[in-house]
Amino acid sequence: MAECVDILDNLNPSCDALSRVGGVKKKVWVGQRTQLDATNPYTLTNGYISDINMANDPSSQPYTLVSFSGKKAKHTGTVAANIGDNVNTFDTSVTLVLFEDTPEEREIMEKLFNAEELFVVVEGEDGHLQVFGIDEGLMASGFDYTLGVNLNDSTAHTVTLQGLQKKLPYYFSANGVKTSGAANAAELAASIAALNAITTA
C-alpha cells in the first residue's frame, strides 16, 4: 500500500533548541479568526508567521487584537496528541491566569470565556513568540475562580482555551528569520512592536 504522508526528514536540533528554557511571559495577545482577512489571514515567511492580516469592521476600520497581562510564569500553552481514524490532530490549549478588580474587567473576562474561534500569541521565556489556534480556533473549555482561604491563596481567574489543530503552533517573527543572541533580542522587539501595532491601545 502506498504511503499517504511523507513523514521522514532529518532533524538535527541546534544547541539553542537543546537548551531552551520553559515558561510564558505575562503578556499575551488574543484575536478572533472571524476578524482575519478571509482570503489571506496571515503571511508565512520561511515557515514563520510574519504578519497577521486583520479584516475591516463595518465602519471600514481594521479589527484589532486585544492583550491580556497577568503575572510572570503563570500562563501556559500545551499541545497533546489526538489520534483519529482519518487524521491525527493536536489538542492545543492555552491557559491564561488573569486578574481584575473592577466590574468592567470582569466583563472583559466574561466576553473572553464566551468567545469562539480565538487564537493566542504567547511570548516564551526562551525569546520566541508562538501562535496557538490560528488555523482552527480555540474556545473556552474551563474557567476557575476562588477567593481561597489564606492570604496567599490565588485570587486569579483561570481561563482555558482549547481546540483541535492540524498543525503545531506557528512561530511568529516579523521578518521571518531565525536569530540568536543580540540579533534575536532585536527581532523579538520588532515582532512585539508589530503585534502591538495591530492591538487595541
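This text goes with the structure placed above it.
My aim in this report is to walk through the structure given alongside it, one point at a time. Since the structure is predicted, the reported quantities are computational estimates derived from the model, not experimental observations. Throughout, residues of each chain are indexed from 1 in the direction in which the sequence is written. Restriction of local features to residues with pLDDT of at least 70 applies here, the model being predicted, together with a cutoff of 80 or more for giving and counting side-chain atom pairs; totals for whole chains, interfaces and linings are based on all residues. Side-chain measures were taken over the full set of non-hydrogen atoms in the model, leaving aside hydrogen atoms and water.

Focus: the pairing of strand β6 (residues 89-98)
Only protein chains enter the accessibility calculation, which uses a 1.4 Å probe; a residue is then buried when its area is under 20% of its type maximum, exposed when over 50%, and partly exposed in between. Runs of H or I in DSSP of at least four residues are treated as helices and runs of E of at least two as strands, each being numbered from the N terminus. Counting buried positions along β6 yields eight of ten residues, so the element is predominantly enclosed. Two strands qualify as a pair provided DSSP detects at least 2 bridges between them. With seven bridges connecting them, strand β5 (residues 76-82) and β6 associate as antiparallel partners. Each residue of the ladder has a partner; that of Ala81, found in β6, is Phe90. Connecting β5 to the antiparallel partner β6 that follows it, the hairpin turn spans six residues. As defined by bridge partners, β6 adjoins strand β10 (residues 157-165) across nine bridges and the pair is classed as antiparallel. Following the sheet pairing, Thr92 is matched in β10 by Gly163.

Observations concerning the packing of aromatic side chains
The rule is short: rings of Phe, Tyr and Trp, with Trp giving its six-membered ring, pair when the centres are within 6.5 Å, and they are stacked under 30 degrees, edge-to-face over 60, tilted in between. With the rule as written, the count across this model stands at three aromatic pairs. Aromatic side chains Tyr42 and Tyr170 sit 5.4 Å apart centroid to centroid with 55° between the ring planes, which places their arrangement in the tilted category. Of this pair, Tyr42 sits in strand β2 (residues 42-45) while Tyr170 is found in strand β11 (residues 170-172), placing the two residues 128 residues apart along the sequence. The two residues Tyr42 and Tyr170 agree in class, both being buried.

Focus: the sheet that holds β5
Strand order in this open sheet of four strands is β5-β6-β10-β9, and the pairing throughout is antiparallel. Edge positions in the open sheet fall to β5 and β9 (139-145), since each of these has one partner strand only. The sheet shows a mean angle of 20° between the axes of neighbouring strands, direction not considered. Direction of pairing for β9 relative to β10: antiparallel, over a ladder of six bridges. By the bridge assignment, Met139 is partnered in β10 with Gln162. For every element, the axis is a line fit to its C-alpha atoms; helices are fit only across the contacting stretch, and the angle between N-to-C directions ranges from 0 to 180 degrees.

Thoughts on the side chain of Thr92
On the secondary structure map, Thr92 appears in strand β6. Non-local contacts of Thr92, meaning those with residues more than four positions away in its chain, are made with Thr78, Val79, Phe132, Leu138, Leu161, Gln162, Gly163 and Gln165. Contacts are assigned to residue pairs that have any heavy atoms within 4.5 Å of one another.

Describing the pattern of salt bridges
Pairs can form between side chains of opposite charge whenever their charged atoms are close. A pair is scored as a salt bridge if a Lys or Arg side-chain nitrogen falls within 4 Å of a carboxyl oxygen belonging to Asp or Glu. Tallying each qualifying case throughout the model produces two salt bridges. Between Glu117 and Arg33 there is a salt bridge; the shortest N-O distance is 2.5 Å. Of this pair, Glu117 sits in the loop between α2 (103-114) and β7 (118-124) while Arg33 sits in the loop between β1 (24-32) and β2; the two residues are 84 residues apart in sequence, bridging distant segments of the chain. Taking relative accessible area as the criterion, Arg33 reaches 26% and is therefore assigned partly exposed.

Examining the pairing of strand β8 (residues 129-132)
Direction of pairing for β7 relative to β8: antiparallel, over a ladder of four bridges. Across the sheet, Glu123 pairs through a bridge with Leu129, a residue of β8. Hairpin connection, β7 to β8: the antiparallel pair is bridged by four residues, and Gly127 has positive phi, about 85°.

Regarding unusual backbone geometry
Although it is not a glycine, Asn46 adopts a positive phi angle of roughly 55°. Looking at the element boundaries, Asn46 is found in the loop between β2 and β3 (48-52). On the basis of relative accessibility, which here comes to 65%, the residue Asn46 falls in the exposed class. Here Glu117, not a glycine, exhibits a phi torsion of approximately 55°, which is positive. What makes Glu117 partly exposed here is its relative accessible area of 33%.

Some points on the side chain of His157
Looking at the secondary structure, you find His157 in strand β10. Any pair of N or O atoms that falls within 3.5 Å is considered a polar contact. Within protein, one atom must be able to donate a hydrogen and the other to accept it, and sequence-neighbouring residues count only if both atoms are side-chain atoms. Reaching out from His157, the side chain makes a polar contact with the side chain of Glu100 at a distance of 2.7 Å. Each residue touching His157, except ones within four places of it in the same chain, is listed here: Leu96, Val97, Leu98, Glu100, Arg106, Met109, Phe143, Asp144 and Tyr145.

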